[in-house]
Amino acid sequence: MASERQKRCKTAIPAGALLWLLLSVVMPVQAADILDVRLWRAPDHTRVVFDLSDAISYSILELDNPRRLVIDVADARLINVLTNLPLENTPISRVRSGVRYGDNLRIVFDLKAKIRPKSFPLEPNERTGHRLVLDLFDEDIKGTEVPAVKSVDQLSNRRDIIVAIDAGHGGEDPGALGPKKLYEKKVVLAIAKKLSAQLEATPGLKPVMVRDGDYYVSLRGRRDLARKSQADLFVSIHADAFSQASASGASVYALSTKGASSTAAKYLADRENSADLVGGVRLSDKDDILAGVLTDLSMTATLDTSLSLGARVLAEIGDFAKLHKPKVEQAGFAVLKSPDIPSILVETGFISNPTEASRLNTSSYQDKMAGAMHQGILSWFKSHPPAGTLLAWQRSNQSDGRVYVIARGDTLSDIAVRYRVPLKQLKATNGLSGSTIQVGQKLKIPDGP
Ligand SMILES: [Zn+2]
């Protein structure tokens, strides 16, 4: 017996609805058009967004045998066909549509896995019109996995420093648009992936990607993910846009608890903060500003770290790129509002500037940009390592850069593992043939393979 559940969802009656109802008596009812349908796959859900010419009235039905999800839209027409949706890796096997009872539209998602649907309409904003967002959350899979936990070196008990890398925008929100349809969301993801690879290859540092594909994560969701991963640092990567194509240069930002440090910084923060509106976050999910926490002492310490670490990153970028401003700027970026995780936002350049846009779109420039962030982060953490980390341990155990003084209980193989160098190479560098070492003996640490 097929089980059947039905949910009725209606968009809020807009102001002036009464007038509209009266008008509808004398005028033919304005049918809503579904202008476009777009789809993105995230790690734990599939998002489908319908672009609408007007608010709609709709209902959602979940049906079994075969498993499917049905959306009935009253008095609507489908303008675009549903054939080009990227259904790979989604629980959807097929999407089809039909007309019922004259002008009621039915859209059917044939499903190959169990899902939990969540839907909500979005009001128009300056960048998009009416939308209906349909999120299909995976039910069969392991659930939302926390991407990383502070990894502990089993031998030395010295953990890695976790860096959360946040590629701005994604999915429904393309971010800034450059010439030749170059999207900010694509450029920043490429840079984020390069930074992740570089951090991964650095002993003592561990990256966690906030998003690693083309899907949207709410601004609050980005901070939450950093906290769940127990990040020591949060780096949000963006590319700027301005109405004048001549604007250029990279900048680094930290949170401001008061006003913005410049009008441009405020303008940019307002722009970036509006991402949730474009990205498809319901108003009720929006940020309730951490007003109380911002005055907290821990926030001050966090901000100091953000500013001085940001300055290192900015200096590294300044080695090869033009800087928009010579110092770290501050504004009320929602994504930087973690009270206890130092957070910076890097604007890698102006995607609205044709020269910078074409640079930002090359792999070699993306490498350089990632390299600058990597160097800035590493050099800051080398001089300010959090307690209990490999970098802290290295700092207190090395008389100079690559010399280690043997302590009680050390073995050559432990030391090789800690520094991630082959044991053979460690022995060769120090002219050792056996495994005998003495407390107080100095070892040169080779640069690794
Ligand atoms: Zn951005």
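Higher on the page you've got the structure.
Everything numeric in this text was worked out from a predicted model, so none of it was measured.

Calculation notes
- Residues numbered from 1 in each chain as written.
- Predicted model: local features only at pLDDT ≥ 70, side-chain atom pairs only at ≥ 80, totals over all residues.
- Heavy atoms only, no water.
- Pairing = 2+ DSSP bridges.
- Helix = DSSP H or I, 4+ residues; strand = E, 2+ residues; numbered from the N terminus.
- Axes fitted to C-alpha atoms, helices over the stretch in contact; angles between N-to-C directions.
- Buried < 20%, exposed > 50% of the residue type's maximum accessible area, 1.4 Å probe, protein only.
- Contact = heavy atoms within 4.5 Å.
- Parallel < 35°, antiparallel > 145°, perpendicular 65-115°, else oblique.
- Left-handed = near helix turned anticlockwise from the far one by under 90°.
- Nonpolar A, V, L, I, M, F, W, Y, C, P; charged D, E, K, R; others polar.
- Donors = N, O, S within 2.8 Å, 3.2 Å for Na, K, Ca; no water.
- Salt bridge = Lys/Arg side-chain N within 4 Å of Asp/Glu carboxyl O.

Turning our eyes to something else, we now look at the sheet that holds strand 3 (residues 45-52). Within the open sheet, the 5 strands sit side by side as 6-2-3-10-9. Their pairing is mixed. Each edge of the open sheet is held by one strand with a lone partner, namely strand 6 (76-78) and strand 9 (115-122). Put simply, the sheet's adjacent strands are angled 25 degrees from each other on average, direction ignored. Two elements, strand 9 and strand 10 (residues 130-138), share 8 bridges in a ladder whose sense is antiparallel. When the bridges of strand 10 are listed, Pro-121 appears paired with Leu-132.

Mapped onto the elements of the fold, Ala-226 is located in helix 3 (residues 219-228). Accessibility expressed as a relative area gives 0% for Ala-226, which makes it buried. It is 9.0 Å that separates the C-alpha atoms of Ala-226 and Met-209, two residues lying 17 residues apart in sequence. When near neighbours in sequence (up to four residues on either side) are disregarded, Ala-226 contacts Ala-164, Ala-231, Phe-234 and Ile-341.

Let us look at the packing of helix 2 (residues 184-200) against helix 9 (residues 363-383). Close contact between helix 2 and helix 9 brings their axes to 8 Å; oriented N to C, the two are set at 55 degrees. Between helix 2 and helix 9, the interaxial angle falls into the category oblique. Pair helix 2 / helix 9 crosses with right-handed handedness. Between helix 2 and helix 9, the residues in contact are Val-187, Ala-190, Ile-191, Lys-194, Leu-195, Gln-198 and Leu-199 and Ser-363, Gln-366, Asp-367, Met-369, Ala-370, Gly-371, Met-373 and His-374, respectively. Per-class residue counts for the contact of helix 2 with helix 9 are 8 nonpolar, 5 polar and 2 charged.

Attention shifts here to the coordination of the zinc ion. Taken together, His-169 (NE2), Glu-184 (OE), His-238 (ND1), Glu-272 (OE) and Glu-272 (OE) make up the full set of protein donors to the zinc ion, lying 2.1 to 2.4 Å away. Read in sequence order, the donor residues for the zinc ion give the motif H-x14-E-x53-H-x33-E. Of this pair, His-238 sits in strand 15 (residues 233-240) while Glu-272 sits in helix 4 (residues 263-273), placing them 34 residues apart in sequence. Overall, His-238 belongs to the buried group, its relative accessible area being 5%.

We now examine the pattern of salt bridges. Think of it this way: side chains of opposite charge can pair up when their charged atoms draw near. The final tally for this structure, using the stated rule, is 21 salt bridges. Across the salt bridge formed by Arg-420 and Asp-160, the nearest N and O atoms sit 3.4 Å from each other. Taken together, the residues span a long stretch of sequence, with Arg-420 in the loop between helix 11 (412-419) and helix 12 (423-429) and Asp-160 in the loop between strand 10 and strand 11 (161-167) at a distance of 260 residues. Taking the shortest distance from any N to any O, the salt bridge between Lys-266 and Asp-270 comes out at 2.7 Å. Here Lys-266 and its partner Asp-270 are both found in helix 4, 4 residues apart, which amounts to about one turn of the helix.

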